[in-house]
Amino acid sequence: MIEIKSCILYILALSDCRSNALSTIRSAASTRLIFTLPRFYEDKVDDAIYPSPLHNIHVRTILSDDEAKACLRISSDFAKATGRWDRPDSDRHASYATCDFAVEDCTILEDYLEKIGFTGRIFDELNEVYGVEQEDMSFLDLFCAHYQTKTDCNQGSMDRLEPHRDGSILSFSITINDPDDFEGGGTLFDGLRDVVSTSSVLKNGGVVRPTRAGDAVFHSGKALHGANAITSGKRTVLVGFVDVAPWCERPGALSAACRDWGRMDVASLRYERQSKKTRSGAKGWILNNSRWMSKKTSKGGAGRSHLEGFSPAFASVESRADKEFQRQKNLETEDKLLRTILLSKPESKINFFGGDVTVL
Ligand SMILES: O=C(O)CCC(=O)C(=O)O
Ligand SMILES: [Fe+2]
């Protein structure tokens, strides 16, 4: 009996400690802002689910001033000793490499984050804003990235990160140095580009730029985003990619989106090819599909047609190469994905475990 009681007291003490840590931070003029990605897609059937939780970008206080300072000091010391902010880390992020180090490589930072209950705080916030259960989330990556203006002496460093989508459904970045120490910067969202802002945190062009060290930007990693260029000073961020358990994800939603984004990616190449090929001055396509047909079918057998000759340029190929057309289409695909990719809790357990699970 005594043992059980002390165990309960211990649990109460732990939860008290965690909520105390969060409430201390929250009471100190904490930030709570939401910016919603606009609708890019009209569909009567899906109307009810716009905006989904994933359309919301949240800016929230996650570290106190002292905690942000401690993270910055530990990270700067480690980066100085290892040179990890002087060159992009293409081993870990092949396509969009940042000048960073993985938190797991810096034991002092890892221990410090554990001491302040960092993971619990992040998962609490993500659960609150996106509705994913704590036990269904895990870190895919957590790293500390550094941006600085380029000079002749630091050509390997970076001042921005081009627009991209992360490997994770949920992501965040926490500015750990004072935002007054740099100009420009912030996390840029393509979907927010034309949103008229009344907040000093949402800048022109869809840039979300927290005003205090320790504030996090929580977003879906599948919303096209990047780091806005800094024009002076240095910007240091803790970036996290949070994986969501497979039973929380709607099967096929991500692959359908990747197919549609892929089609837009090749549209410019198709237009380039169409513009190069000409016959008697007219642009178009020189067709000959016999290479792809077996000997038997090459004369139009078995329902296949042999095509050979010149086809004039397609207007649709030209219009699909237009950059703004492509942007709208990609944002439409993104909007559809954000509406559908997360399953509701009852849907998720039933789908994944074949319907024999009681959802408590
Ligand atoms: O620096 C930022 O705010 C964004 C970083 C980011 O998107 C990334 O590292 O994947
Ligand atoms: Fe990213």
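An unreviewed UniProt entry annotates the protein chain as Fe2OG dioxygenase domain-containing protein of Phaeodactylum tricornutum. Quoted verbatim from the Cofactor (unreviewed entry) field of the UniProt record, the comment on the protein chain reads "L-ascorbate".

Caption draft 1: Molecular detail of the coordination of the iron ion (ligand 2). Every protein donor of the iron ion (ligand 2) is accounted for by H164 (NE2), D166 (OD) and H225 (NE2), and the metal-donor separations fall at 2.2 Å. Binding-site remark: the iron ion (ligand 2) is held by donors from one chain whose sequence spacing is H-x1-D-x58-H. Of this pair, H164 sits in strand 5 (residues 161-164) while H225 sits in strand 12 (residues 225-227); the two residues are 61 residues apart in sequence, bridging distant segments of the chain. You'll find H164 and H225 in the same group, each marked buried.

Caption draft 2: Summary view of the nonpolar core. Counting residues in hydrophobic clusters, the biggest one holds 58 residues, and the most contacted among them are L113, F118, L170, I174 and V208. Counting residues domain by domain, this core receives three or more from each of domain 1 (21-247) and domain 2 (253-289 + 310-340). Excluding its chain neighbours within four sequence positions, the residues that come into contact with L170 are L54, L126, Y130, V132, M137, H219, G221, G240, F241, V242 and V244. Among the nonpolar cores identified, the runner-up in size contains 12 residues, and C99, F143, Y147 and V239 belong to it.

Caption draft 3: Region of interest: the sheet that holds strand 8 (residues 187-189). Across the sheet, five strands lie side by side as 5-12-8-10-9; this open sheet has antiparallel pairing. The open sheet has two edge strands with one neighbour each: strand 5 and strand 9 (202-203). Where strand 8 and strand 12 come together, three bridges link them in antiparallel fashion. Paired with L188 across the bridge in strand 12 is G226.

Caption draft 4: Spotlight on helix 7 (residues 323-340). Helix length check: helix 7 (18 residues) gives 26 Å between terminal C-alpha atoms against 26 Å at 1.5 Å per residue, within 8%. Of the positions making up helix 7, those classed as buried are Q326, R327, N330, L331, T333, E334, D335, L337, L338 and R339. In this fold, the buried residues of helix 7 make contact with strand 11 (215-220), helix 5 (253-276) and helix 6 (315-320). You can read the cap of helix 7 off the contacts: a side-chain oxygen lies 3.3 Å from the backbone nitrogen of E324, and it is on D322.

Caption draft 5: Structural context of the packing of aromatic side chains. As enumerated under the stated definition, the model contains seven aromatic pairs in all. Ring centres of F139 and F172 lie 6.1 Å apart, and the angle between their planes is 70°; on these two criteria the pair is classed as edge-to-face. On the criterion of sequence distance, the pair formed by F139 in strand 4 (residues 137-148) and F172 in strand 6 (residues 170-175) is long-range, its members being 33 residues apart. Its relative accessible area of 1% is what places F172 among the buried residues. Ring-pair connections join several aromatic residues into one group, and the members of that group are F118, F123, F139, F172 and F218. Cation over ring: R165 sits above W261, and NZ or CZ is 3.8 Å from the ring centre.

Caption draft 6: Seen up close, the pattern of salt bridges. Following the criterion strictly, the structure yields 20 salt bridges and no others. A salt bridge links E332 to K329; the nearest nitrogen and oxygen atoms lie 3.8 Å apart. Within this pair, E332 and its partner K329 are both found in helix 7, separated by three residues, close to a single helical turn. The exposure class assigned to E332 is partly exposed, which follows from its relative accessible area of 21%. One network of salt bridges, with partners in common, ties together D190, R193, D194, E324 and R327.

Caption draft 7: The site of ligand 1, seen in detail. The environment of ligand 1 is made up of 13 residues, and the closest members are Y147, H164, T187, H225 and R235. S173 is positioned such that a nitrogen or oxygen atom in its side chain is 3.3 Å from an oxygen atom of ligand 1. T187 places a polar side-chain atom, nitrogen or oxygen, 2.7 Å from an oxygen atom of ligand 1. For ligand 1, whose accessible area on its own is 300 Å², the fraction buried by protein is 97%. Counting only elements with at least two residues in the shell around ligand 1, the list comes to strand 4, strand 5, strand 12 and strand 13 (230-244). Ranked by the residues each element gives to the shell around ligand 1, the list is headed by strand 13, at four residues.

Caption draft 8: Structural detail: the environment of I116. You can see I116 is positioned in the loop between helix 3 (107-115) and helix 4 (118-130). With relative accessibility at 13%, the residue I116 sits in the buried group. Remark: the alpha-carbon pair of I116 and E67, spanning 49 residues in sequence, is separated by 8.4 Å. Leaving out residues up to four positions away in the same chain, I116 has contacts with L63, E67 and R121.

Cut-off values and rules
Residues numbered from 1 in each chain as written. Chains lettered and ligands numbered in written order. Predicted model: local features only at pLDDT ≥ 70, side-chain atom pairs only at ≥ 80, totals over all residues. Heavy atoms only, no water. UniProt positions renumbered as here; feature names shortened; annotations may be inferred. Donors = N, O, S within 2.8 Å, 3.2 Å for Na, K, Ca; no water. Helix = DSSP H or I, 4+ residues; strand = E, 2+ residues; numbered from the N terminus. Buried < 20%, exposed > 50% of the residue type's maximum accessible area, 1.4 Å probe, protein only. Core = buried A, V, L, I, M, F, W, Y, C linked by side-chain atoms within 4.5 Å. Domains from an automatic or database assignment. Contact = heavy atoms within 4.5 Å. Pairing = 2+ DSSP bridges. Expected span 1.5 Å × (residues − 1). Polar contact = N/O pair within 3.5 Å; in protein donor to acceptor, adjacent residues only side chain to side chain. Phe/Tyr/Trp six-rings, centres within 6.5 Å; stacked < 30°, edge-to-face > 60°. Lys NZ or Arg CZ within 6 Å of the ring centre and 35° of its normal. Salt bridge = Lys/Arg side-chain N within 4 Å of Asp/Glu carboxyl O. Near = heavy atom within 4 Å. Areas by Shrake-Rupley, 256 points an atom, 1.4 Å probe, with all protein chains shown as cover.

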